[in-house]
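The primary structure of each chain is shown beneath.
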Amino acid sequence: MPDLVWYAAYGSNTLLGRLMHYIAGGRPPGAARGCPGCRDPRPPRASVPVELQGAVYFATESALWSGGRAFYDPQARGRLYARAHLVTAEQFRDIAAQEMYGEPGTGPDLAPALRHGRARIGDGRYETLVCPGTLEGLPVLTFTAPWALGDVALNAPSGGYLRQLASGLLEAAAWDEAAVTAYLAACPGAAGTWTAERVAGLLRG
């Protein structure tokens, strides 16, 4: 098991300040409850932009944001914009545990996902681990739903949620505003409800 892994965040955790609530603990703005944080509260050693094969889509209903949540289907056609955070394997397990409504120290075994590229931990919305490849010799890991893009009803995301995603991707400093807003507006679930112009307006609102 490697000591370090890249956590590929494609949702609100693209924003470093948001991710730090999962790492150091605390309650994100607007959240109903706080995060316990990781056992190791140190920030990521690095955060870099990445593009992966697959697609982000919006589905289910977020209790925090209202509207759809972001999910990743690595088998879908498309290109994913994400931000890879270099964290310890323990930190990734603790972040995953919190996303799965568990406690730090109860996170999933990473070995099956590292061995097979995918591991279903449970039926919950972020209880499937995906390892889409490596970066600088270290594995890239993220979590998503167990279902595929075509298996679930799409649901448009809220403006507040899209603002978080757009801000995090822009913070990565790899894509300009036009590219980020066009990308998000084209994601299944957002397409048809959001336009690039409206997403850009969120950033200035």
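This write-up is about the structure you can find in this document. No experiment lies behind these values; they were computed from the predicted model shown. (Residues numbered from 1 in each chain as written. Predicted model: local features only at pLDDT ≥ 70, side-chain atom pairs only at ≥ 80, totals over all residues. Heavy atoms only, no water.)

1. Examining the nonpolar core
Core analysis: the largest hydrophobic core is formed by 59 residues, its most contacted members being Phe58, Phe92 and Leu184. Element by element, the count of residues in this core is highest for strand S5 (residues 79-88), at six residues. Setting aside its immediate chain neighbours within four residues, Phe92 contacts Val5, Tyr7, Val87, Leu110, Leu129, Leu141, Thr142 and Phe143. (Core = buried A, V, L, I, M, F, W, Y, C linked by side-chain atoms within 4.5 Å. Buried < 20%, exposed > 50% of the residue type's maximum accessible area, 1.4 Å probe, protein only. Helix = DSSP H or I, 4+ residues; strand = E, 2+ residues; numbered from the N terminus. Contact = heavy atoms within 4.5 Å.)

2. Details of the pattern of salt bridges
Scanning all chains against the criterion turns up six salt bridges. Taking the shortest distance from any N to any O, the salt bridge between Asp94 and Arg39 comes out at 3.0 Å. Taken as a pair, Asp94 in helix H2 (residues 89-99) and Arg39 in the loop between helix H1 (16-24) and strand S2 (46-53) lie far apart in primary sequence, 55 residues in all. Taking the relative accessible area as the measure of exposure, Asp94 reaches 0% and is therefore buried. Close ionic contact of Arg42 with Asp40 constitutes a salt bridge, the shortest N to O distance being 2.7 Å. Taking the relative accessible area as the measure of exposure, Arg42 reaches 44% and is therefore partly exposed. Residue Asp40 is classed as buried on the basis of its relative accessible area of 12%. (Salt bridge = Lys/Arg side-chain N within 4 Å of Asp/Glu carboxyl O.)

3. What about the packing of aromatic side chains?
Here the structure, examined in full by the defined rule, presents twelve aromatic pairs. Aromatic side chains Phe92 and Phe143 sit 5.7 Å apart centroid to centroid with 35 degrees between the ring planes, which places their arrangement in the tilted category. Of this pair, Phe92 sits in helix H2 while Phe143 sits in strand S8 (residues 138-144); the two residues are 51 residues apart in sequence, bridging distant segments of the chain. Exposure remark for Phe92: the relative accessible area of 0% places this residue in the buried category. On the accessibility criterion, Phe143 (3% relative accessible area) is buried. Positioned above the aromatic ring of Trp194 is the side chain of Arg198, whose terminal nitrogen or guanidinium carbon lies 4.0 Å from the ring centre. (Phe/Tyr/Trp six-rings, centres within 6.5 Å; stacked < 30°, edge-to-face > 60°. Lys NZ or Arg CZ within 6 Å of the ring centre and 35° of its normal.)

4. Some thoughts on the layout of surface pockets
As a volume, the largest pocket reaches approximately 650 Å³. Around the largest pocket, the lining is made up of 31 residues, and of these Arg18, Tyr22, Leu64, Glu99 and Arg125 lie nearest the centre. Counting only elements with at least two residues in the lining of the largest pocket, the list comes to strand S1 (4-9), H1, strand S4 (69-73), H2 and S8. (1 Å grid on protein atoms, 1.4 Å probe; cavity = no way out; pocket = protein on both sides within 12 Å on 5 of 7 lines; lining within 4 Å. Points joined across faces, edges and corners; volume = space filled by probe spheres on them.)

5. A word on helix H4 (residues 159-171)
Its 13 residues place the ends of H4 18 Å apart at the C-alpha level, agreeing with the 18 Å of an ideal helix rising 1.5 Å per residue. Residues of H4 that are buried sit in contact with H1, strand S3 (55-59), S4, S5, helix H5 (177-186) and helix H6 (196-204). The first or second residue beyond H4 is Ala173, which carries a positive phi of 65 degrees. (Expected span 1.5 Å × (residues − 1).)

6. Points about the packing of H5 against H6
Running from N to C, H5 and H6 point in directions that differ by 120 degrees, and their axes come no closer than 8 Å. Comparing the axis directions of H5 and H6 gives the class oblique. Where H5 crosses over H6, the handedness of that crossing is right-handed. Each of Glu177, Thr181, Ala182, Leu184 and Ala185 in H5 lies in contact with H6, whose residues at this interface are Ala196, Val199, Ala200, Leu203 and Arg204. Looking at side-chain class alone, the contact of H5 with H6 contains seven nonpolar, one polar and two charged residues. (Axes fitted to C-alpha atoms, helices over the stretch in contact; angles between N-to-C directions. Parallel < 35°, antiparallel > 145°, perpendicular 65-115°, else oblique. Left-handed = near helix turned anticlockwise from the far one by under 90°. Nonpolar A, V, L, I, M, F, W, Y, C, P; charged D, E, K, R; others polar.)

7. Some details on the sheet that holds S5
Taken in spatial order, the six strands line up as S2-S5-S1-S8-S7-S6 in an open sheet, and their pairing is mixed. Among the strands making up the open sheet, the edge pair consists of S2 and strand S6 (118-120). Strand-to-strand twist across the sheet, computed as the mean angle between neighbouring axes with direction ignored, equals 30 degrees. Looking at chain direction, S1 and S5 are connected through six bridges and run antiparallel. Across the sheet, Leu4 pairs through a bridge with Thr88, a residue of S5. (Pairing = 2+ DSSP bridges.)

Keep in mind these numbers describe shape, not what the thing actually does.
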